[in-house]
Amino acid sequence: MNAIEVKGLRKEFKSFSSRNGLKGAFRDLFTRNYKVISAVNDIHFNVKQGEMVGYIGENGAGKSTTIKMLTGILTPTAGELTVNGMNPHKNREKFVQTIGVVFGQRSQLWWDIAVQESFQLLKKVYKVPDQQYKEHMDHVIETLGIGPLLDKPVRKLSLGQRMRCELAAALVHNPPLLFLDEPTIGLDVLVKLKIRQFLKEINEKYNTTILLTTHDLTDIEALCERVIMLDEGSIIYDGALKQLKNNWGDQKEIHFQFLEEISMEHLYHVTREASVEWSFDEENQIYKAMIDADEEKISKLIGLVVTAFKVKDMKIQEITTEEIIRNIYEKGSVS
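Residues numbered from 1 in each chain as written. Predicted model: local features only at pLDDT ≥ 70, side-chain atom pairs only at ≥ 80, totals over all residues. Heavy atoms only, no water.

Asker: Mind showing me how you'd approach the nonpolar core here?
Answerer: Counting residues in hydrophobic clusters, the biggest one holds 53 residues, and the most contacted among them are F119, L167, L178, L199 and L244. Beyond its immediate stretch of four places on either side in the chain, L199 contacts M52, L167, L178, L180, I210 and L223. Counting residues in hydrophobic clusters, the runner-up holds 26 residues, among them V40, I43, V53 and M86. (Core = buried A, V, L, I, M, F, W, Y, C linked by side-chain atoms within 4.5 Å. Buried < 20%, exposed > 50% of the residue type's maximum accessible area, 1.4 Å probe, protein only. Contact = heavy atoms within 4.5 Å.)

Asker: So what exactly am I meant to see when it comes to the pattern of salt bridges here?
Answerer: Proximity of charged atoms lets side chains of opposite charge pair with each other. In total, this model carries twelve salt bridges according to the counting rule given. Between R226 and E51 there is a salt bridge, with the nearest N and O atoms lying 3.1 Å from each other. Note that R226 is positioned in strand β8 (residues 226-231) and E51 in the loop between β2 (33-48) and β3 (52-57), a separation of 175 residues in sequence. A residue is classified by how much of its surface remains accessible, and E51, at 21% relative accessible area, is partly exposed. In the salt-bridge network here, residues are joined through shared partners; they are R10, E12 and D42. (Salt bridge = Lys/Arg side-chain N within 4 Å of Asp/Glu carboxyl O. Helix = DSSP H or I, 4+ residues; strand = E, 2+ residues; numbered from the N terminus.)

Asker: What exactly am I supposed to notice about unusual backbone geometry here?
Answerer: Note: most residues except glycine have negative phi, and most peptide bonds are trans. Residues other than glycine seldom take positive phi values, yet N174 does so here, at roughly 50°. Backbone geometry places Q285, a non-glycine residue, at a positive phi of 55°. Its place among the elements puts Q285 in the loop between β11 (276-281) and β12 (286-292).

Asker: Can you walk me through the pairing of β3 in this structure?
Answerer: For a regular strand, side chains alternate in direction, first toward one face of the sheet and then toward the other. Buried residues dominate β3, accounting for six of its six residues. Alternating positions in β3 separate into two faces, M52, G54 and I56 on one and V53, Y55 and G57 on the other, with burial throughout. Bridge count for β3 against strand β7 (residues 209-213) is three bridges, and the pairing is parallel. Each residue of the ladder has a partner; that of M52, found in β7, is I210. Bridge count for β3 against β8 is five bridges, and the pairing is parallel. When the bridges of β8 are listed, G57 appears paired with L230. (Pairing = 2+ DSSP bridges.)

Asker: Sorry if this is basic, but what is going on with the packing of helix α4 (residues 115-125) against helix α6 (residues 159-170) here?
Answerer: To characterise two packed helices, one gives the angle between the axes of the helices and the distance between these axes. Viewed as axis vectors pointing N to C, α4 and α6 meet at an angle of 20°, and their least axial separation amounts to 10 Å. As summarised for this structure, α4 and α6 are arranged roughly parallel, according to the angle between their axes. For the crossing formed where α4 meets α6, the hand is right-handed. Between α4, through V115, F119 and L122, and α6, the contact on the second element is made entirely by C165, A168 and A169. Looking at the contact of α4 with α6 residue by residue, the classes come out as six nonpolar, no polar and no charged. (Axes fitted to C-alpha atoms, helices over the stretch in contact; angles between N-to-C directions. Parallel < 35°, antiparallel > 145°, perpendicular 65-115°, else oblique. Left-handed = near helix turned anticlockwise from the far one by under 90°. Nonpolar A, V, L, I, M, F, W, Y, C, P; charged D, E, K, R; others polar.)

Asker: Explain the packing of α4 against helix α5 (residues 130-144) to me, please; I cannot follow it from the model alone.
Answerer: The interhelical angle for the contact between α4 and α5, taken along N-to-C directions, is 135°, at an axis separation of 11 Å. As summarised for this structure, α4 and α5 are arranged oblique, according to the angle between their axes. Crossing geometry of α4 relative to α5 is assigned as right-handed. Of α5, the residues touching α4 (which contributes F119, Q120 and K123) are D130, Y133 and M137. By residue class, the composition of the contact of α4 with α5 is three nonpolar, one polar and two charged.

Have a look at this one:
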(Lines give C-alpha, C1' and ligand atoms only; values in the text may rest on other atoms or scores of the structure.)
Protein backbone atom coordinates (compact mmCIF):
# COMPACT_ATOMS: atom_id res chain seq x y z
CA MET A 1 0.00 0.00 0.00
CA ASN A 2 1.27 3.46 -0.88
CA ALA A 3 1.20 6.22 1.73
CA ILE A 4 2.02 8.84 -0.94
CA GLU A 5 1.20 8.82 -4.66
CA VAL A 6 2.33 11.71 -6.85
CA LYS A 7 1.60 12.00 -10.59
CA GLY A 8 2.65 14.93 -12.79
CA LEU A 9 2.78 17.30 -9.83
CA ARG A 10 3.60 20.89 -10.73
CA LYS A 11 3.69 24.17 -8.86
CA GLU A 12 4.16 27.54 -10.53
CA PHE A 13 4.43 30.98 -8.96
CA LYS A 14 3.91 34.38 -10.52
CA SER A 15 6.76 36.78 -9.84
CA PHE A 16 6.35 40.53 -10.29
CA SER A 17 9.00 42.08 -12.55
CA SER A 18 9.44 45.85 -12.12
CA ARG A 19 10.43 48.15 -14.97
CA ASN A 20 13.51 50.35 -14.85
CA GLY A 21 13.52 54.07 -14.17
CA LEU A 22 10.91 56.62 -13.09
CA LYS A 23 8.88 56.12 -16.24
CA GLY A 24 8.86 52.38 -15.69
CA ALA A 25 7.77 52.80 -12.06
CA PHE A 26 4.88 55.04 -13.21
CA ARG A 27 3.78 52.43 -15.76
CA ASP A 28 3.91 49.75 -13.03
CA LEU A 29 1.14 51.65 -11.23
CA PHE A 30 -1.26 50.74 -14.03
CA THR A 31 0.09 47.56 -15.61
CA ARG A 32 2.41 45.00 -14.13
CA ASN A 33 4.76 42.54 -15.77
CA TYR A 34 4.85 39.03 -14.40
CA LYS A 35 7.00 36.04 -15.09
CA VAL A 36 6.04 32.48 -14.23
CA ILE A 37 8.52 30.52 -12.12
CA SER A 38 8.21 26.73 -11.99
CA ALA A 39 9.18 25.53 -8.49
CA VAL A 40 8.15 21.90 -9.03
CA ASN A 41 8.02 20.54 -12.56
CA ASP A 42 5.90 17.46 -13.38
CA ILE A 43 7.29 15.06 -10.78
CA HIS A 44 6.18 11.45 -10.22
CA PHE A 45 6.90 9.20 -7.23
CA ASN A 46 5.28 6.82 -4.74
CA VAL A 47 6.18 6.13 -1.11
CA LYS A 48 5.10 2.82 0.43
CA GLN A 49 3.62 2.60 3.91
CA GLY A 50 6.46 2.15 6.42
CA GLU A 51 9.20 3.51 4.14
CA MET A 52 11.74 6.09 5.29
CA VAL A 53 12.67 8.18 2.25
CA GLY A 54 15.21 10.99 1.94
CA TYR A 55 14.00 13.88 -0.22
CA ILE A 56 17.11 15.88 -1.06
CA GLY A 57 18.23 18.78 -3.19
CA GLU A 58 20.01 22.10 -3.13
CA ASN A 59 18.37 25.31 -1.90
CA GLY A 60 15.60 26.26 -4.33
CA ALA A 61 15.33 22.76 -5.81
CA GLY A 62 11.65 22.47 -4.78
CA LYS A 63 11.83 20.28 -1.66
CA SER A 64 9.86 22.49 0.73
CA THR A 65 7.34 23.39 -1.99
CA THR A 66 6.66 19.68 -2.50
CA ILE A 67 6.23 19.10 1.24
CA LYS A 68 3.80 22.01 1.46
CA MET A 69 1.69 20.54 -1.36
CA LEU A 70 1.75 17.08 0.23
CA THR A 71 0.59 18.51 3.55
CA GLY A 72 -2.11 20.66 1.96
CA ILE A 73 -0.52 24.04 2.70
CA LEU A 74 -0.12 24.82 -1.01
CA THR A 75 -2.45 23.90 -3.86
CA PRO A 76 -0.72 22.36 -6.91
CA THR A 77 -0.87 24.14 -10.25
CA ALA A 78 -1.35 20.77 -11.97
CA GLY A 79 -1.06 17.05 -11.33
CA GLU A 80 -2.50 14.51 -8.91
CA LEU A 81 -1.51 13.58 -5.40
CA THR A 82 -2.93 11.18 -2.86
CA VAL A 83 -1.68 11.07 0.73
CA ASN A 84 -2.98 8.40 3.09
CA GLY A 85 -5.73 7.71 0.55
CA MET A 86 -6.93 11.33 0.52
CA ASN A 87 -6.47 14.55 -1.40
CA PRO A 88 -4.67 16.88 1.05
CA HIS A 89 -6.71 19.88 -0.15
CA LYS A 90 -10.10 18.26 0.51
CA ASN A 91 -11.45 16.90 3.80
CA ARG A 92 -8.79 18.92 5.60
CA GLU A 93 -9.99 18.08 9.11
CA LYS A 94 -9.85 14.35 8.45
CA PHE A 95 -6.57 14.56 6.55
CA VAL A 96 -4.55 16.38 9.23
CA GLN A 97 -5.44 13.62 11.70
CA THR A 98 -3.26 11.26 9.63
CA ILE A 99 -0.04 13.30 9.34
CA GLY A 100 2.62 14.82 11.57
CA VAL A 101 4.85 17.68 10.44
CA VAL A 102 8.09 19.08 11.83
CA PHE A 103 9.58 22.19 10.22
CA GLY A 104 13.06 22.84 11.59
CA GLN A 105 12.65 26.62 11.61
CA ARG A 106 8.98 26.87 12.64
CA SER A 107 7.34 25.93 15.91
CA GLN A 108 3.99 24.27 16.57
CA LEU A 109 4.41 24.71 20.34
CA TRP A 110 2.98 27.70 22.22
CA TRP A 111 5.90 29.95 23.13
CA ASP A 112 4.88 31.14 26.62
CA ILE A 113 3.27 28.06 28.13
CA ALA A 114 4.75 24.85 29.50
CA VAL A 115 5.59 22.09 27.04
CA GLN A 116 3.10 19.65 28.55
CA GLU A 117 0.33 22.24 28.24
CA SER A 118 1.08 22.48 24.51
CA PHE A 119 0.83 18.69 24.33
CA GLN A 120 -2.54 18.78 26.12
CA LEU A 121 -3.86 21.42 23.71
CA LEU A 122 -2.75 19.32 20.73
CA LYS A 123 -4.36 16.28 22.33
CA LYS A 124 -7.70 18.14 22.32
CA VAL A 125 -7.20 19.46 18.78
CA TYR A 126 -6.63 15.92 17.48
CA LYS A 127 -9.29 14.41 19.81
CA VAL A 128 -6.93 11.77 21.19
CA PRO A 129 -8.51 9.52 23.90
CA ASP A 130 -6.91 9.81 27.36
CA GLN A 131 -5.68 6.22 27.57
CA GLN A 132 -4.24 6.23 24.05
CA TYR A 133 -2.50 9.54 24.73
CA LYS A 134 -0.96 8.30 27.98
CA GLU A 135 0.32 5.00 26.58
CA HIS A 136 1.80 6.56 23.46
CA MET A 137 3.20 9.80 24.89
CA ASP A 138 4.78 8.10 27.91
CA HIS A 139 6.91 6.13 25.44
CA VAL A 140 7.67 9.20 23.28
CA ILE A 141 8.63 11.36 26.29
CA GLU A 142 10.86 8.68 27.79
CA THR A 143 12.59 7.81 24.51
CA LEU A 144 13.30 11.45 23.61
CA GLY A 145 14.38 12.21 27.19
CA ILE A 146 12.15 15.28 27.55
CA GLY A 147 10.55 14.45 30.92
CA PRO A 148 12.50 17.20 32.77
CA LEU A 149 11.39 19.75 30.15
CA LEU A 150 7.63 19.29 30.42
CA ASP A 151 7.09 22.05 33.00
CA LYS A 152 9.29 24.60 31.24
CA PRO A 153 7.96 27.31 28.90
CA VAL A 154 9.05 26.72 25.31
CA ARG A 155 10.87 30.08 25.20
CA LYS A 156 13.29 28.83 27.89
CA LEU A 157 14.36 25.73 25.96
CA SER A 158 17.59 25.41 24.00
CA LEU A 159 17.33 24.65 20.29
CA GLY A 160 18.09 20.95 20.83
CA GLN A 161 15.52 20.67 23.63
CA ARG A 162 12.88 22.48 21.59
CA MET A 163 13.40 20.27 18.53
CA ARG A 164 12.92 17.12 20.61
CA CYS A 165 9.71 18.62 22.01
CA GLU A 166 8.61 19.63 18.48
CA LEU A 167 9.05 16.03 17.36
CA ALA A 168 7.02 14.77 20.31
CA ALA A 169 4.28 17.32 19.53
CA ALA A 170 4.05 16.06 15.94
CA LEU A 171 3.41 12.56 17.30
CA VAL A 172 0.74 13.35 19.90
CA HIS A 173 -1.89 11.68 17.69
CA ASN A 174 0.51 8.92 16.53
CA PRO A 175 0.09 9.66 12.79
CA PRO A 176 0.92 6.97 10.22
CA LEU A 177 2.87 9.53 8.12
CA LEU A 178 5.53 11.97 9.33
CA PHE A 179 6.98 14.85 7.28
CA LEU A 180 10.32 16.15 8.54
CA ASP A 181 11.75 19.31 6.96
CA GLU A 182 15.28 19.98 8.27
CA PRO A 183 14.51 18.48 11.73
CA THR A 184 18.16 18.48 12.93
CA ILE A 185 19.23 21.89 11.61
CA GLY A 186 21.63 23.58 14.04
CA LEU A 187 21.67 20.69 16.52
CA ASP A 188 24.72 19.17 18.17
CA VAL A 189 25.84 15.62 17.44
CA LEU A 190 24.39 14.00 20.58
CA VAL A 191 20.91 15.46 20.01
CA LYS A 192 21.02 14.38 16.35
CA LEU A 193 21.88 10.82 17.39
CA LYS A 194 19.00 10.75 19.89
CA ILE A 195 16.50 11.99 17.28
CA ARG A 196 17.74 9.50 14.65
CA GLN A 197 17.45 6.60 17.08
CA PHE A 198 13.95 7.69 18.05
CA LEU A 199 12.82 7.89 14.42
CA LYS A 200 14.11 4.37 13.82
CA GLU A 201 12.16 3.13 16.85
CA ILE A 202 8.81 4.64 15.85
CA ASN A 203 9.28 3.34 12.32
CA GLU A 204 9.85 -0.18 13.63
CA LYS A 205 7.18 -0.05 16.35
CA TYR A 206 4.34 1.71 14.47
CA ASN A 207 5.40 1.23 10.81
CA THR A 208 5.39 5.04 10.54
CA THR A 209 6.15 6.37 7.06
CA ILE A 210 8.76 9.13 7.12
CA LEU A 211 9.60 11.61 4.36
CA LEU A 212 12.75 13.46 5.36
CA THR A 213 14.21 16.57 3.72
CA THR A 214 17.59 17.71 4.98
CA HIS A 215 20.95 19.14 3.98
CA ASP A 216 22.65 16.89 6.55
CA LEU A 217 23.38 13.78 4.53
CA THR A 218 24.44 11.87 7.64
CA ASP A 219 20.73 11.93 8.59
CA ILE A 220 19.89 10.34 5.23
CA GLU A 221 22.62 7.70 5.57
CA ALA A 222 21.52 6.83 9.11
CA LEU A 223 17.79 6.54 8.36
CA CYS A 224 16.96 6.07 4.68
CA GLU A 225 17.61 3.28 2.22
CA ARG A 226 15.95 5.24 -0.59
CA VAL A 227 16.55 8.78 -1.79
CA ILE A 228 14.68 11.05 -4.19
CA MET A 229 16.93 13.78 -5.58
CA LEU A 230 15.56 17.05 -6.93
CA ASP A 231 17.27 19.60 -9.16
CA GLU A 232 15.50 22.76 -10.36
CA GLY A 233 12.09 21.26 -9.62
CA SER A 234 12.66 17.95 -11.43
CA ILE A 235 13.57 14.52 -10.06
CA ILE A 236 17.00 13.46 -11.30
CA TYR A 237 17.29 10.29 -9.18
CA ASP A 238 14.84 8.02 -7.36
CA GLY A 239 16.28 4.82 -5.99
CA ALA A 240 18.45 3.11 -3.40
CA LEU A 241 21.12 5.14 -1.64
CA LYS A 242 23.36 2.09 -1.84
CA GLN A 243 22.99 1.96 -5.63
CA LEU A 244 23.78 5.65 -5.90
CA LYS A 245 26.97 5.13 -3.91
CA ASN A 246 27.91 2.06 -5.95
CA ASN A 247 27.44 3.91 -9.25
CA TRP A 248 29.07 7.19 -8.23
CA GLY A 249 31.36 6.16 -5.40
CA ASP A 250 33.84 4.44 -7.70
CA GLN A 251 36.57 6.92 -6.83
CA LYS A 252 38.93 7.49 -3.92
CA GLU A 253 40.45 10.65 -2.55
CA ILE A 254 44.12 10.59 -1.57
CA HIS A 255 45.36 13.31 0.77
CA PHE A 256 49.01 14.39 0.66
CA GLN A 257 50.94 16.70 2.95
CA PHE A 258 54.44 17.67 1.86
CA LEU A 259 57.51 18.80 3.78
CA GLU A 260 58.05 21.64 1.33
CA GLU A 261 55.83 24.00 -0.62
CA ILE A 262 55.05 22.86 -4.16
CA SER A 263 53.01 24.27 -7.04
CA MET A 264 49.91 22.69 -8.55
CA GLU A 265 51.52 23.02 -11.99
CA HIS A 266 54.49 20.94 -10.85
CA LEU A 267 52.15 18.39 -9.27
CA TYR A 268 50.09 18.03 -12.46
CA HIS A 269 53.28 17.70 -14.50
CA VAL A 270 54.67 14.92 -12.31
CA THR A 271 51.38 12.96 -12.35
CA ARG A 272 50.53 13.56 -16.01
CA GLU A 273 50.64 9.79 -16.65
CA ALA A 274 47.87 9.19 -14.10
CA SER A 275 44.20 10.12 -14.64
CA VAL A 276 43.83 12.32 -11.57
CA GLU A 277 42.12 15.56 -10.53
CA TRP A 278 43.97 17.69 -7.99
CA SER A 279 42.62 20.23 -5.51
CA PHE A 280 44.23 22.12 -2.64
CA ASP A 281 42.87 22.67 0.88
CA GLU A 282 44.66 25.90 1.77
CA GLU A 283 43.48 25.99 5.39
CA ASN A 284 44.91 22.54 6.21
CA GLN A 285 47.65 22.59 3.57
CA ILE A 286 46.43 19.31 2.07
CA TYR A 287 46.70 18.37 -1.60
CA LYS A 288 43.78 16.15 -2.63
CA ALA A 289 43.91 13.72 -5.55
CA MET A 290 40.63 12.30 -6.91
CA ILE A 291 41.29 9.04 -8.76
CA ASP A 292 39.45 5.89 -9.87
CA ALA A 293 39.24 3.22 -7.17
CA ASP A 294 41.65 0.97 -9.02
CA GLU A 295 44.56 -0.51 -7.06
CA GLU A 296 47.05 -0.27 -9.94
CA LYS A 297 46.14 3.37 -10.69
CA ILE A 298 46.36 4.32 -7.02
CA SER A 299 49.71 2.54 -6.60
CA LYS A 300 51.08 4.26 -9.71
CA LEU A 301 49.98 7.70 -8.49
CA ILE A 302 51.52 7.23 -5.05
CA GLY A 303 54.75 6.03 -6.67
CA LEU A 304 54.95 9.11 -8.90
CA VAL A 305 54.30 11.49 -6.01
CA VAL A 306 56.69 9.98 -3.42
CA THR A 307 59.46 9.75 -6.04
CA ALA A 308 59.21 13.45 -6.89
CA PHE A 309 58.39 15.02 -3.50
CA LYS A 310 59.12 14.66 0.21
CA VAL A 311 55.84 13.41 1.71
CA LYS A 312 55.01 14.32 5.31
CA ASP A 313 51.71 12.41 5.52
CA MET A 314 49.32 10.52 3.24
CA LYS A 315 45.77 9.23 3.68
CA ILE A 316 43.42 7.31 1.37
CA GLN A 317 39.71 8.07 1.83
CA GLU A 318 36.49 6.72 0.36
CA ILE A 319 34.43 9.36 -1.41
CA THR A 320 31.61 10.53 0.88
CA THR A 321 27.91 10.65 0.10
CA GLU A 322 28.10 14.45 0.30
CA GLU A 323 30.81 14.51 -2.37
CA ILE A 324 28.84 12.10 -4.55
CA ILE A 325 25.78 14.37 -4.37
CA ARG A 326 27.89 17.44 -5.11
CA ASN A 327 29.44 15.75 -8.15
CA ILE A 328 26.00 14.81 -9.46
CA TYR A 329 24.73 18.39 -9.15
CA GLU A 330 27.83 19.73 -10.86
CA LYS A 331 27.19 17.42 -13.80
CA GLY A 332 23.42 18.07 -13.66
CA SER A 333 22.50 14.42 -14.19
CA VAL A 334 22.79 10.98 -12.62
CA SER A 335 23.22 9.28 -15.97
